[in-house]
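Summary of the model geometry
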Amino acid sequence: MLIDKNDLQSALKKYFGFGKFKGLQEGVIESLMSGNNTFVIMPTGGGKSLCYQLPALMQEGTAIVVSPLIALMKNQVDAIRGVSNEEGIAHVLNSSLNKTEVKRVKEDIVNGVTKLLYVAPESLTKEENVEFLRSVKVSFMAIDEAHCISEWGHDFRPEYRNLKHIIGRIGDNIPIIGLTATATPKVQEDIIKNLGISGATTFKASFNRPNLYYEVRPKTKNVDADIIRFIKQNSGKSGIVYCLSRKRVEELAQVLQVNGIKAVPYHAGLDAKSRSNYQDQFLMEDVDVVVATIAFGMGIDKPDVRFVIHHDIPKSIESYYQETGRAGRDGGEGHCLAYYAYKDIEKLEKFMSGKPVAEQEIGQALLQEVVAFAETSISRRKFILHYFGEEFDNKTGEGGDMDDNVRHPKKKREAQDDVKLLLETIDNTNEKYKSKDLVNVITGKENALINSHKTNEQAFFGKGSSKDKKYWMALLRQVLVSGLLKKDIETYGVIKLVDAGRDFIKNPTSFMMTEDHIFDGEQEDGTIV
Ligand code: ADP
C-alpha cells in the first residue's frame, strides 16, 4: 500500500493534535501500514503508543494490541475515546467484562466501529476469543512491552511465549509490530525469534539521555548523611530516592523529615489512599522528595524530577536505566546518583537463591553487569549505551562529559602488551570461557571446568599471574567496550573475538586503560574510599 505522507500528517493532527512526528514515528508507521512486520525499540517516553494507534485509526479493520498492564490499557482506551465521538472506537477485552459487555465489544468489532482492541495475553489464550478474532478483519497485531517474551528482559511473562502460535491461528499474513523499551541485543533477538518476525523492519531510537549526569559513590555507613547533604545542596528541587526494602523506605523518609526535608515514603505496602496522596503531593510540589521502592514510577510523568538517588544498587542495568530515566524528562538537569557497596550485590544474590537455576543464572549475569557498571572507570554513559548495543563517542556524542568518570578521570596506563596477552588467551582457549574463567586461566587459578578441559596443562596457563584478578577483569571489560571482543548472545557471557581483536593480535596498537574503582564496601570509620 502506498502511503501518502500528507495523509499521515493530517491524521496526526486530526486525531492527536500534534504538528509533527516525534523521532522515528513516521518511518515506523509507514512500515507497518505497508504491511511489514515491524520492530520498535525506543526508550520510555519516546512515543511508542502512537506508532500503532495512528495506523489503527487510519486502517480498515481492528488492530489487536497485546499489553500486560491492565491499568495502562485502560488509560490508553480512555485517551483514544477522547479523540473520537465514538466510544466503541477502542475496547479492552478481558475477563472482568460481563456477558452484555462482551457482546457489545464483539458487535462493535463486527460492525467495523472498533479500531483498537486491547487484550491481555491471558485473554488471547481463550479458545472462544481466538475463534471470534479469526472471523473478523484484523488490521495488525501490536505486541506492546514485547520484552516480556524474553527471560532476559526484566519482566518475563510466560503467556507471551504463546503469542506466535495464537497470532498464526487468528490469521495468516497479519502484520505484527513489536514494541519495547528494553534494548539489549539478547532481548531483541529473543523477541524477533519468539514472535517469528525475522524479516521485521527494525527501528531503534538512541537511548542516550544527554541531560542526565551519572555518578556512583561508595556506600558507607554514612550514606544517609551523604544523601541529606546532597538533597540540601539541591533544596527546593524534586527528587526520588530508591531503596530496596519497604522498611528502609520508611526509615529513610523519617530521617529526611527529621532533617527538615519535605519527604514522603512510597511502597506497595501502603494503603491505596496514602499512596495516591503522597503521589499527588509530589506532583503538586507540596513535597520535594519521594523515598520509594520500585513500585513508584510506573506512569509517573513529572517532567522536572531533578535527581534520582539509588540508596541501593538495582538488580540490572535495565532497571537502573528505567529508574534514572525518570529524571530530567523536560530536558533540564537530572542528577543520577547511585550508592554502591559489593555487600549489596551479595544481598541481591541471596534474594535469588530460592529461584529456579536458569533464572538464577540469568539474574547473576545481569548482576555482574551492575557490578561492572559500578566499578568501571570508563564513562558511565558509554558503558550504559554499550550495554544497549549502542556505540558512543564521548568526544563527539551529546552529553559526553556528563558523568563522574569523565569529569574526574583516573590515571591511565599503557596496556598494549596485556591486551595482546588477553586476546591470545581467548584465541588459545578456542573462545569457550566466560569472563570469570578467562581471568582464572590468565592468572593461573585452577577449577573443575578449567581442569576438565586440561587448560591448566597448557603453556599459556597463568601467563598473566603477575597481576591480580581485579586488574584482568577491569581490562577485559574495557576491551569489551572498546569493541575488540564481544559477549556471545546465545550463551550470554562466553567471550568471543571479533575481527578487530584478531587484527590487534597481529598488529598491536596502543591501548590506554584505567584501573577500576576499588569498592571494598563499608569502611570501618565510614570514610569514603
Ligand atoms: P512510550 O510508550 O514510548 O513510553 P508514549 O507513547 O507514552 O511513550 O509517549 C510519550 C509522550 O509523548 C506522551 O505524552 C505522548 O502524548 C507524547 N507524544 C507522542 N507522540 C508525539 C508527537 N508526535 N508529538 C508530540 N508529542 C508526542
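Treat the numbers as computed from the prediction; the structure is a model and nothing was measured.

**So, the sheet that holds strand β13 (residues 334-340)**
The parallel open sheet is built from 6 strands, whose spatial order is β8-β13-β12-β9-β11-β10. In this open sheet, the two strands that pair with only one neighbour each are β8 (212-218) and β10 (263-266). Strand-to-strand, the axes of this sheet are offset by a mean angle of 15 degrees, without reference to chain direction. As defined by bridge partners, strand β12 (residues 305-310) adjoins β13 across 4 bridges and the pair is classed as parallel. Opposite F307, over in β13, you have H335 as the bridge partner. In the packing of helix α11 (residues 246-258) onto the sheet, contacts are made with β9 (238-242), β10 and β11 (289-292), and the angle to β10 comes to roughly 175 degrees.

**Topic: helix α8 (residues 163-170)**
Along α8, the residues that are buried comprise L163, I166, I167 and I170. Projected down its long axis, α8 shows its buried positions confined to an angular sector of 100 degrees, all on one face.

**Some thoughts on the site of the ligand**
The ligand sits among 13 residues. The nearest are K22, Q25, G45, K48 and S49. K20 places a polar main-chain atom, nitrogen or oxygen, 2.9 Å from a nitrogen atom of the ligand. At 2.6 Å from an oxygen atom of the ligand is found a side-chain nitrogen or oxygen belonging to S49. The protein chains hide 66% of the 570 Å² of surface that the ligand would expose on its own. At 3 residues, the largest contribution of residues to the shell around the ligand is made by helix α3 (residues 48-58). Here the shell around the ligand is composed, by residue class, of 4 nonpolar, 6 polar and 3 charged.

**A closer look at the pattern of salt bridges**
By the definition in use, this model includes 28 salt bridges. Two residues, E151 and R161, come together in a salt bridge whose shortest N-O distance is 3.8 Å. Of this pair, E151 sits in the loop between β5 (138-143) and α8 while R161 sits in the loop between β5 and α8; the two residues are 10 residues apart in sequence, bridging distant segments of the chain. Residue classification places E151 among the partly exposed residues on the basis of a relative accessible area of 38%. Residue R161 is classed as partly exposed on the basis of its relative accessible area of 32%. Across the pair R407 and D401 runs a salt bridge whose closest N-O atoms are separated by 4.0 Å. Salt bridges here are not isolated pairs; linked through shared partners, they connect E215, R217, D226 and R229.

**As for the side chain of D288**
Position of D288 relative to the elements: it lies in the loop between α12 (272-283) and β11. K262 provides the closest opposite charge to the buried, salt-bridge-free D288, at an N-O distance of 4.8 Å.

**A short note on the confidence of the model for the protein**
Low-pLDDT stretches of the model should not have their predicted coordinates read in fine detail. Residues with a pLDDT of 70 or more make up 96% of the protein, whose mean pLDDT is 91. Within the model, pLDDT remains below 50 along residues 521-529, and this stretch shows 18 contacts once partners closer than five positions in the same chain are excluded. For this predicted complex, the interface confidence reaches an ipTM of 0.98, while the overall pTM sits at 0.82.

**Topic: the sheet that holds strand β4 (residues 116-119)**
In space, the 7 strands of this open sheet follow the order β3-β4-β2-β5-β6-β1-β7, with parallel pairing throughout. Edge positions in the sheet fall to β3 (90-93) and β7 (201-204), since each has one partner strand and no second. Each strand of the sheet is rotated relative to its neighbour by a mean of 20 degrees, with strand direction disregarded. With 4 bridges joining them, strand β2 (residues 62-66) and β4 adopt parallel strand pairing. Looking at the pairing, V66 lines up with V119 of β4. Against the sheet, helix α4 (residues 70-82) contacts β3 and β4, and its axis sits at roughly 160 degrees relative to β3. Running over the sheet, helix α5 (residues 99-110) touches β2, β3 and β4 and is turned about 135 degrees from β3.

**Re the nonpolar core**
Side chains of a nonpolar character, in soluble globular proteins, are inclined to be buried together. Among the nonpolar cores identified, the biggest contains 78 residues, and L124, M141, I143, I170 and F296 are the most heavily contacted of them. Considering each element in turn, this core owes the most residues, 9 residues, to helix α15 (residues 357-375). Once residues within four sequence positions are removed from consideration, I143 is found in contact with V66, Y160, L163, I167, I176, I177, G178, L179 and L195.

Cut-offs and rules
- Residues numbered from 1 in each chain as written.
- Predicted model: local features only at pLDDT ≥ 70, side-chain atom pairs only at ≥ 80, totals over all residues.
- Heavy atoms only, no water.
- Pairing = 2+ DSSP bridges.
- Helix = DSSP H or I, 4+ residues; strand = E, 2+ residues; numbered from the N terminus.
- Axes fitted to C-alpha atoms, helices over the stretch in contact; angles between N-to-C directions.
- Contact = heavy atoms within 4.5 Å.
- Buried < 20%, exposed > 50% of the residue type's maximum accessible area, 1.4 Å probe, protein only.
- Arc of directions from axis to C-beta.
- Near = heavy atom within 4 Å.
- Polar contact = N/O pair within 3.5 Å; in protein donor to acceptor, adjacent residues only side chain to side chain.
- Areas by Shrake-Rupley, 256 points an atom, 1.4 Å probe, with all protein chains shown as cover.
- Nonpolar A, V, L, I, M, F, W, Y, C, P; charged D, E, K, R; others polar.
- Salt bridge = Lys/Arg side-chain N within 4 Å of Asp/Glu carboxyl O.
- Lys, Arg positive; Asp, Glu negative; His and termini not counted.
- pLDDT = per-residue confidence, 0-100.
- Core = buried A, V, L, I, M, F, W, Y, C linked by side-chain atoms within 4.5 Å.

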